[in-house]
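Structure assessment
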Amino acid sequence: MAKHAGVARHAWNWGLATCQEIYESGGKRPTAIDLHKKLVAEVKSANPWYYEVSKCAPQEALRNLDKAFKRVWKVKGTGFPKFKKKNVNDSFYLEGSIRISGDWIKLPKIGWVRSHEELPPVEPKNVTISKRAGDWHISFKIDVTPEGTSKTRDRIGVDIGINTLATMSDGTTHPNPKAYRRAKRKLAKLQKELSRRQKGGKNREKTKLKLAKAHKRIADVRADSLHKLTTYLAKNHGEVRIENLNVSGMLKNHKLAGAIADGGFYEFRRQLEYKCDWYGSKLTLIDQWYPSSQICSNCGHQQKMPLSKRTYECPNCGISIDRDLNASINLECAESFDRASLVVDRSQKIQARK
Ligand SMILES: [Zn+2]
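This section reports on the structure supplied with the text. (Residues numbered from 1 in each chain as written. Predicted model: local features only at pLDDT ≥ 70, side-chain atom pairs only at ≥ 80, totals over all residues.)

**Considering the overall build of the protein**
Each helix and strand in the protein was counted, giving 10 helices and 13 strands. In the protein, which comprises 354 residues, the share counted as buried stands at 23%. If you take every contact in the protein between residues at least 6 apart in sequence, the share linking residues at least 24 apart comes to 63%. (Helix = DSSP H or I, 4+ residues; strand = E, 2+ residues; numbered from the N terminus. Buried ≥ 20, exposed ≤ 12 C-beta atoms within 10 Å, placed from the backbone. Contact = placed C-beta atoms within 7 Å.)

Put into structure tokens, the structure is as follows:
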């Protein structure tokens, strides 16, 4: 696999250098097909190790290079393609006869490889294999026919937080996984260790890999937990209601400052969007100015709720309820929410500040 990734990287870098030369001499950039012909004629014969790997690897690398060039003109803010370094985002592509049996997968040129987990019983046409923090990952597309599921509840409000990943209006919570906290502690330890290691030393490289693994572990644990939550919500509820947070709104909301850093909220909404579609439920985004944490979910009284207050204590009806649970119930019931009254409220605030 390392050989395949190496050839893919070599082909990309060769293709990029070739295109640069042509550009500099005033020529037109060759197509991916022409570039591949040139590669076969000039590069392969000079580098016999190209024959040790599947021809798909260099071919797809050149196709990706072509796409990267096209993106420069199409998508604003995209930089010119860069040369690839060894051990940084190593990956390659394979197609052909691919078979799956349990947790084994048969790849062209490589043979049977065992995966860490059970694979779906399908026959992928192609796969992309990449290396992250020392581990190889395989990804492929499969066709899924979405099916509606029977719902246990018509509607649910979900409040997203930091300490608890989500609080639901039915009184349940989805906590941050323990493994996440453990991994975070380990990460902090390794960061300290790295700062003590000598630059250029062998041990520094070792610690660096450990650190990369810890980062990956955190990302994986988070992703897994988020997927479980969004699948559960979309599968079991007729309507899922969440706050519609945009970046400026989130930056003002300190509770979510950490969540933005982790990119958690966008991913949460993105997953809910497609999963609700899959399982035949509805996703409703509640206006971000709706004061879900300030309103009493029992009587409708509204009061200021500083972040330090974890319990909503209503002076009007006397209820005492967890802050996040109160917010999630409000999100579920945000029917009578009148946006106009809020606009007035906000303008008053602005005037008061002046
Ligand atoms: Zn009340």
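Next, the rest of the story.
**Things to note about the sheet that holds strand 5 (residues 126–132)**
Note on sheets: strands pair through backbone hydrogen bonds, and any given pair is parallel or antiparallel. With respect to topology, 3 strands assemble into an open sheet ordered 1-5-6, the strand pairing being antiparallel. Of all strands in the sheet, those bounded by a partner on one side alone are strand 1 (91–95) and strand 6 (135–139). Sheet twist, expressed as the mean angle between neighbouring strand axes with direction ignored, is 20 degrees. (Pairing = 2+ DSSP bridges. Axes fitted to C-alpha atoms, helices over the stretch in contact; angles between N-to-C directions.)

**So, the nonpolar core**
In terms of nonpolar packing, the biggest core is built from 23 residues, with Ala8, Ala11, Ala57, Ala61 and Phe92 touching the most fellow members. Listing elements by their share of this core, those giving two or more residues are helix 1 (2–24), helix 2 (32–46), helix 3 (56–74), strand 1 and strand 3 (104–107). The residues touching Ala61, leaving out its near neighbours within four places in the chain, are Ala8, Ala11 and Trp12. Ile160, Ala234, Val240 and Cys276 belong to the second largest nonpolar core, which has 16 residues in total. (Core = buried A, V, L, I, M, F, W, Y, C linked by C-beta atoms within 7 Å.)

**So, the sheet that holds strand 9 (residues 173–175)**
Pairing is mixed across the open sheet formed by 5 strands, whose spatial order is 9-8-7-10-11. Edge positions in the open sheet fall to strand 9 and strand 11 (282–286), since each of these has one partner strand only. Neighbouring strand axes in the sheet, compared pairwise and without regard to direction, differ in orientation by 20 degrees on average. Relative to strand 10 (residues 237–243), strand 7 (residues 153–160) is paired through 5 bridges, and the arrangement is parallel. Bridged to Gly157 within strand 10 is Arg241. In the packing of helix 5 (residues 202–236) onto the sheet, the strands contacted are strand 7, strand 8 (164–168), strand 9 and strand 10, and the crossing angle to strand 10 comes to about 130 degrees. Here helix 9 (residues 323–332) sits on the sheet and contacts strand 7, strand 8, strand 10 and strand 11; the angle it forms with strand 7, its principal contact strand, is near 135 degrees.

**Structural notes on helix 3**
For the α-helix, the turn length of 3.6 residues means that residues three or four positions removed from each other point alike. For helix 3, with 19 residues, the first-to-last C-alpha span of 26 Å sits near the 27 Å given by 1.5 Å per residue. Among the residues of helix 3, those classed as buried are Cys56, Ala57, Pro58, Gln59, Glu60, Ala61, Leu62, Leu65 and Asp66. Close packing links the buried residues of helix 3 with helix 1, helix 2 and strand 1. (Expected span 1.5 Å × (residues − 1).)

**Describing the environment of Glu205**
The topology assignment puts Glu205 in helix 5. Assessed through the 11 C-beta atoms surrounding it within 10 Å, Glu205 is described here as exposed. Between the alpha carbons of Glu205 and Leu194 there is a distance of 9.0 Å; along the sequence they are 11 residues apart.

**Describing the packing of helix 4 (residues 178–196) against helix 5**
For the pair helix 4 and helix 5, interaxial distance at closest approach is 9 Å and the crossing angle is 160 degrees. In terms of their interaxial angle, helix 4 and helix 5 are classed as roughly antiparallel. Here helix 4 runs over helix 5; the crossing is left-handed. Contacts between helix 4 and helix 5 involve Ala179, Tyr180, Ala183, Lys184, Lys186, Leu187, Leu190, Gln191, Glu193 and Leu194 on the former and, on the latter, Arg204, Thr207, Lys208, Lys210, Leu211, Ala214, His215, Arg217, Ile218, Val221 and Arg222. Taken together, the residues of the contact of helix 4 with helix 5 sort by class into 10 nonpolar, 3 polar and 8 charged. (Parallel < 35°, antiparallel > 145°, perpendicular 65-115°, else oblique. Left-handed = near helix turned anticlockwise from the far one by under 90°. Nonpolar A, V, L, I, M, F, W, Y, C, P; charged D, E, K, R; others polar.)

**Section: helix 1**
An ideal rise of 1.5 Å per residue puts 33 Å on 23 residues; helix 1 measures up with 33 Å between its terminal C-alpha atoms. All of the buried residues along helix 1 are His4, Ala5, Val7, Ala8, Arg9, Ala11, Trp12, Trp14, Gly15, Leu16 and Cys19. Those residues of helix 1 hidden inside the fold are in contact with helix 2, helix 3, strand 1 and strand 5. Following helix 1 by one or two positions, Gly26 has its phi on the positive side, about 85 degrees.

**Overview of the environment of Ser293**
For Ser293, the position within the fold is in the loop between strand 11 and strand 12 (311–313). When the C-alpha atoms of Ser293 and Leu307 are compared, they prove to be 9.6 Å apart, with 14 residues separating the residues in sequence.

**Overview of the packing of helix 2 against helix 3**
Where helix 2 meets helix 3, the closest approach of the two axes is 9 Å, and the angle between their N-to-C directions is 140 degrees. Between helix 2 and helix 3, the crossing angle belongs to the class labelled oblique. Crossing of helix 2 against helix 3: the hand is right-handed. Taking contact as the criterion, the partners of Ala32, Leu35, His36 and Leu39 in helix 2 are, on helix 3, Pro58, Gln59, Leu62, Arg63 and Asp66.

**Quick word on unusual backbone geometry**
Unlike most non-glycine residues, Asn87 shows phi in positive territory, near 70 degrees. Checked against the element boundaries, Asn87 lands in the loop between helix 3 and strand 1. Asn87 gets classed as partly exposed once you count the C-beta atoms within 10 Å, which come to 13. Positioned with a positive phi, Asn89 is a non-glycine residue whose angle comes to about 50 degrees. Tracing the backbone shows Asn89 in the loop between helix 3 and strand 1.

**Notes on the environment of Leu65**
Looking at where Leu65 falls in the secondary structure, it is placed in helix 3. For Leu65, a count of 23 C-beta atoms within 10 Å puts it in the buried group. The spatial distance from the C-alpha of Leu65 to the C-alpha of Thr31 is 10.0 Å, given a sequence separation of 34 residues. When residues no more than four places from it in sequence are discounted, the contact partners of Leu65 are Trp12, Gly15, Leu16 and Pro81.

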